[in-house]
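# Descriptive analysis of the structure
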Amino acid sequence: MTKPFALFLSVIFHPLLMPTLLFAVLLFLAPSALNLDMFGDSLRLSLLVLIFVGTFMVPAVLTYYLLRIGYVQDMQLTNLSDRRLPYFMTALIYLLVAYLFSFQMRAVSSLAPEIGILIGSIAVSILLGGVISLSWQISAHGIGIGGVIGVIAGLIARFDVSDLFIPLLVLVFLTGLVASARLKLNAHTPAQIGAGLALGFVTGLLTVYWFFI
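Now for a description of the structure that goes with this document. For every chain, the first residue of the written sequence is number 1, and numbering continues from 1 along that sequence. In view of the model being predicted, local features appear only for residues whose pLDDT reaches at least 70, and side-chain atom pairs are presented and counted only at 80 or more, with totals across whole chains, interfaces and linings using the full set of residues. Where side-chain values are given, they derive from all heavy atoms of the structure, hydrogens and water being excluded.

## A short note on the overall build of the protein chain
Selection rule: Helix and strand labels come from DSSP, where a helix needs a run of H or I of at least four residues and a strand needs a run of E of at least two; each type is numbered from the N terminus. Atoms considered for the radius of gyration are the C-alpha atoms alone. The globule rule reads 2.2 Å times the number of residues to the power 0.38. Working definition: with a 1.4 Å probe on protein chains only, accessible area under 20% of the residue-type maximum means buried, over 50% means exposed, and in between means partly exposed. By definition in these notes, contact holds between two residues if any of their heavy atoms fall within 4.5 Å. Where accessible areas are quoted, they stem from the Shrake-Rupley method and a 1.4 Å probe; at the residue level, only the protein chains shown are allowed to cover.
Scanning the protein chain from N- to C-terminus turns up 9 helices and 0 strands. Seen in sequence order, the protein chain has helices and strands lined up from the N terminus as α-α-α-α-α-α-α-α-α. Radius of gyration (C-alpha) of the protein chain: 17 Å, near the 17 Å computed for a compact globule of 213 residues. With respect to the three principal axes, the spread of C-alpha positions in the protein chain is 45 × 35 × 30 Å. With 213 residues in all, the protein chain has 49% of them scored as buried. Restricting the contact set of the protein chain to residue pairs at least 6 apart, pairs at least 24 apart contribute 72%. Accessible area for the protein chain stands at about 10100 Å²; split by element, carbon and sulfur atoms hold 72% of it.

Listed below in C-alpha cells is the structure:
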C-alpha cells in the first residue's frame, strides 16, 4: 500500500463520516431495521443529509476553527494533545443531535427512535475515546468503523436482518484496509488500532442488544 492511497483511505473513512456511512447502509439497504421502509427515497435522503450535517459538517467546521486559532496543529489531530477538546466537543455535538432526533423531531422519533439511540451511542464511544486520549492515542478511525460493524453485526445477530450480510462482509474488508492505512502512515500502533476497533464494536453491539426493541 502506498502512502498516498493510505492517506486517501484515511480521509474517506474519517471517523466523522462513519455515522453517515452507517445510516446510509441502514436507510437504503435495510430501512426495515429502522422501521422506515414506508418512507420514500427522497425522505430517507433528507434524513441522511441532516445526519451528515449534524455529525460531520458541524464538528468539522468547529475543528477547523480550532485550527485557525492555533489550538490544534492539523485537521487530522495527529498530536495527542490536539485531540482532547475536539473529542469532547464532538461528543457534545452528537448528544445534541441525538436529542434533536429523539425529542424534537417527533415524526421521526415516534417511528424510528433507533436513530437517536445510535447517535447517542456514537457520542458515548467518542467520549470514551476522549477520556482514553487523555493519556493514550487510541485510534479514532478504529472506533468509528468498529462501531459501524458492531451495529450491523448486532442487527444481523439479533433481528436476522439478512440484507445487511453482504454490506457487513464489505465493511470487514474495508476495515482491514483502513487499519493497514493507519499503520502505513505511522498514525497508530497495532494495539491502538485494535483497541479502537474493540471499543467501537462493543459499544455498537451492546447498543443494539440493550436499546433496540
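## Considerations on the packing of helix α7 (residues 140-159) against helix α8 (residues 165-184)
Rules: Fitted lines through C-alpha atoms give the axes, limited to the stretch in contact for helices. The angle between two N-to-C directions lies from 0 to 180 degrees. Orientation categories follow fixed angle ranges, with anything under 35 degrees roughly parallel, anything over 145 roughly antiparallel, 65 to 115 roughly perpendicular, and all other angles oblique. Helix crossings get a hand from a simple test, with the near helix turned counterclockwise from the far one by less than a right angle marking a left-handed crossing and a clockwise turn marking a right-handed one. Lys, Arg, Asp and Glu make up the charged group, whereas Ala, Val, Leu, Ile, Met, Phe, Trp, Tyr, Cys and Pro make up the nonpolar group; the residues left over, Gly among them, are polar.
Closest axis-to-axis distance for the α7/α8 pair is 10 Å, and the angle between their directions is 165 degrees. The orientation of α7 with respect to α8, classified from their angle, is roughly antiparallel. For the crossing formed where α7 meets α8, the hand is left-handed. Seen from α7, the contacting residues are His 141, Ile 145, Val 148, Ile 149, Ile 152, Ala 153 and Ile 156; seen from α8, they are Phe 165, Leu 168, Leu 171, Val 172, Leu 174, Thr 175, Val 178 and Arg 182. When the residues that make up the contact of α7 with α8 are grouped by side-chain class, the tally is 12 nonpolar, 2 polar and 1 charged.

## Structural notes on the packing of α8 against helix α9 (residues 190-211)
Look at α8 against α9: their axes get within 10 Å of each other, and the N-to-C directions meet at 145 degrees. Crossing hand, α8 versus α9: right-handed. Where α8 approaches α9, its residues Thr 175, Ala 179, Arg 182 and Leu 183 are matched on the opposing element by Pro 190, Ile 193 and Leu 197. Looking at the contact of α8 with α9, its residues break down into 5 nonpolar, 1 polar and 1 charged.

## A short note on the packing of aromatic side chains
The following threshold applies: Here is the rule: rings of Phe, Tyr and Trp (six-membered ring for Trp) pair when centre to centre is within 6.5 Å. Planes less than 30 degrees apart are stacked, more than 60 are edge-to-face, and the remainder are tilted.
Overall, the coordinates contain 3 aromatic pairs when judged by the stated rule. Between Phe 5 and Phe 8, the ring centres sit 6.3 Å apart and the planes meet at 20 degrees, which makes this aromatic pair stacked. Of this pair, Phe 5 and Phe 8 both sit in helix α1 (residues 3-12), 3 residues apart, roughly one helical turn. A relative accessible area of 35% means that Phe 5 is categorised as partly exposed.

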